[in-house]
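Spelled out from the first residue to the last, the chains are:
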Amino acid sequence: MSSPEIASVSWGQMKVQGSAITYKDCKVWPGGSRAWDWRETGTEVPPSTVDYLRKQGIDVRVLQTEQAVKEYNALAAQGVRVGGVFHSTC
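In this text, all values refer to a predicted model and were calculated from it rather than measured experimentally.

Draft legend 1. Expanded view of the overall build of the protein. Summing up its helical and strand segments, the protein has two helices and six strands in all. For 90 residues, the compact-globule estimate of 2.2 N^0.38 gives 12 Å, and the protein sits close to it at 13 Å. In terms of principal-axis extent, the alpha carbons of the protein reach across some 35 × 30 × 20 Å. Classification of the 90 residues of the protein by burial places 32% in the buried group.

If you want it as structure tokens, here you go:
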């Protein structure tokens, strides 16, 4: 199962390949996407989360949204199974 491309991002709007929904903020993973309410977890990635993922052998990148989308799409285009959490209004 491949990771869906993020087709577009602008302030307050994100479109993900394969989804008819325009998201404000979203989570994407191999095979899917869903809306993400940043109030669930906040917009900062806790160092403990990054440490945990790295200990599991998962490469973690915390980037500004537009750069994160470029990086995510580049990896997805290479066939890398990649996921992300994107906040379009900061």
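Draft legend 2. How the structure looks around the sheet that holds strand S4 (residues 25–29). Strand order in the open sheet formed by three strands is S5-S4-S6, with antiparallel pairing between adjacent strands. Edge positions in the sheet fall to strand S5 (32–35) and strand S6 (84–87), since each of these pairs with one other strand and no more. This sheet shows a mean twist of 20° between the axes of neighbouring strands, independent of strand direction. With four bridges joining them, S4 and S5 adopt antiparallel strand pairing. The partner of Lys-27 across the bridge, within S5, is Arg-34. Seen against the sheet, helix H2 (residues 65–77) touches S4 and S6 and runs at an angle of roughly 150° to S6.

Definitions and cut-offs
- Residues numbered from 1 in each chain as written.
- Predicted model: local features only at pLDDT ≥ 70, side-chain atom pairs only at ≥ 80, totals over all residues.
- Heavy atoms only, no water.
- Helix = DSSP H or I, 4+ residues; strand = E, 2+ residues; numbered from the N terminus.
- Rg over C-alpha atoms; globule rule 2.2 N^0.38 Å.
- Buried < 20%, exposed > 50% of the residue type's maximum accessible area, 1.4 Å probe, protein only.
- Pairing = 2+ DSSP bridges.
- Axes fitted to C-alpha atoms, helices over the stretch in contact; angles between N-to-C directions.
- Contact = heavy atoms within 4.5 Å.

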